[in-house]
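Close look at the chain arrangement
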Amino acid sequence: MGLSGGQYGLPVPLLLLLTCLPRGTALEHISYVPQLSNRSLAGTLTQSTFTLEQPRGQFSHRSISDSDAIWLVVAHSNATQNFSAPQRVEDIPVPEDFTRRGYYLTLMANRLLYPGNQPGNQLRVLRVGNDTSCSPTKRGCNHPLPGPGPYRVKFLVMSDKGPVAETEWSNETHLQRAERLQAAPGPQSTGTVVIIAILSVLLAVLLTALLALLIYTCYDIRGSTPISGPEQSVCVRRYDTHHMISPPAVGGS
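Residues numbered from 1 in each chain as written. Predicted model: local features only at pLDDT ≥ 70, side-chain atom pairs only at ≥ 80, totals over all residues. Heavy atoms only, no water.

As annotated in an unreviewed UniProt entry, the protein chain carries the name Uroplakin 3B like 2 and comes from Canis lupus dingo.

Written as structure tokens, this is what we have:
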């Protein structure tokens, strides 16, 4: 067999190029789909967080070592096709890049934290977007999610030489939406109007009663006869009764 093409019919330079390609350029596929927690937990879905089941026992492949970092990739649902695994740790996108790139990496761990033989009574979950204290410019920050989504996630394994393996993308996750307070339509709004009208009538009756009481009090005070006090002088008119004149004295000297 000559060196012109070998059994594959490829030129020798191309064969040498394929042979010399660095190992690990093709990511190993892990047939695991991240799942939302199916436990009855309070706050599994909120306006800025959601809770995942831990991927226990999913990273036991030979290509993955205990020192490899396992990242969670959080992406907008429409940005998953544009995701490109970073080749260096320095290239890992942070939450601040979420608006521009549509994805970022968070919740770094290793496979020792995801063993497959954990006791069944232990609660093992990952709450995405749960750290309100970290800066969105910090690599690995688990910053609250900026909106209702939808979001999709997957796990990416990286060594110090680059990406090693990845899981499937999850299904879409929609967060809760904030509800705006609005006037209740239909019969409830009519009932509200009736209640307001009744309260208005009662208030008017109360004000009328207070006004009548005030008028009565003022009239009663003006119609009463005042009693003179020690500091007041009283003038009494002198008059004669029946014009009687005293008779002159009898028996004068």
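There's more to say after this.
Remarks on the state of the cysteines
For the coordinates displayed, the defined rule picks out 1 disulfide. One disulfide bridge connects Cys134 with Cys141, the sulfur atoms lying 1.8 Å from each other. Here the S-S torsion is close to 65°, and the disulfide linking Cys134 with Cys141 is therefore right-handed. Like Cys134, the residue Cys141 is buried in the burial classification. (Disulfide = S-S within 2.5 Å. Buried < 20%, exposed > 50% of the residue type's maximum accessible area, 1.4 Å probe, protein only.)

Some words on the environment of His29
Counting through the fold element by element, His29 comes out in strand β1 (residues 28–29). C-alpha separation for the pair His29 and Leu156, spaced 127 residues apart in sequence, amounts to 10.0 Å. Beyond its immediate stretch of four places on either side in the chain, His29 contacts Glu166 and Glu168. Side-chain polar atoms of His29 contact the side chain of Glu168, separated by 2.8 Å. (Helix = DSSP H or I, 4+ residues; strand = E, 2+ residues; numbered from the N terminus. Contact = heavy atoms within 4.5 Å. Polar contact = N/O pair within 3.5 Å; in protein donor to acceptor, adjacent residues only side chain to side chain.)

Considering the pattern of salt bridges
A complete count under the given rule lists 4 salt bridges for this structure. In this structure, the salt-bridge partner of Asp66 is Arg111, at a minimum N-O distance of 2.6 Å. A residue pair is termed long-range when its members are at least 10 positions apart, and Asp66 in the loop between β2 (50–53) and β3 (69–76) and Arg111 in the loop between β4 (103–109) and β5 (125–128) qualify at 45 residues. A relative accessible area of 38% means that Asp66 is categorised as partly exposed. Assessed through its relative accessible area of 22%, Arg111 is described here as partly exposed. Put simply, Glu166 and Lys154 hold a salt bridge, and the shortest N to O gap is 2.5 Å. Here Glu166, found in strand β7 (residues 162–166), pairs with Lys154, found in strand β6 (residues 151–159); they are 12 residues apart in sequence, far enough to count as distant. (Salt bridge = Lys/Arg side-chain N within 4 Å of Asp/Glu carboxyl O.)

Quick look at the side chain of Asp97
Position of Asp97 among the secondary structure elements: in the loop between β3 and α2 (98–101). Given a relative accessible area of 15%, Asp97 falls into the buried group. Look past the residues within four positions of Asp97 in its chain and what remains in contact with it is Gly102 and Tyr103.

Here we look at the nonpolar core
Counting 23 residues, the largest nonpolar core has Phe50, Phe59 and Phe155 as its most contacted members. The set of elements that each furnish at least two residues to this core consists of β2, β3, β4, β5, β6 and β7. Ignoring sequence-local partners within four residues, the contact set of Phe59 consists of Ile30, Ile64, Ile70, Arg111, Tyr114, Phe155, Val157 and Thr167. Within the second largest apolar cluster, 12 residues are counted, among which are Trp71, Ala85, Tyr103 and Leu156. (Core = buried A, V, L, I, M, F, W, Y, C linked by side-chain atoms within 4.5 Å.)

Remarks on the packing of aromatic side chains
For the structure on display, the rule yields 8 aromatic pairs. Here Phe59 and Phe155 contribute two aromatic rings whose centre-to-centre distance is 6.1 Å and whose plane-to-plane angle is 70°, an arrangement assigned as edge-to-face. Linking Phe59 in the loop between β2 and β3 with Phe155 in strand β6, this pair joins segments that are 96 residues apart in sequence. In this structure Phe59 comes out as buried when scored by relative accessible area, which is 2%. Exposure remark for Phe155: the relative accessible area of 1% places this residue in the buried category. Members of the aromatic cluster, each reached through a chain of ring pairs, are Tyr32, Phe59, Tyr114 and Phe155. (Phe/Tyr/Trp six-rings, centres within 6.5 Å; stacked < 30°, edge-to-face > 60°.)

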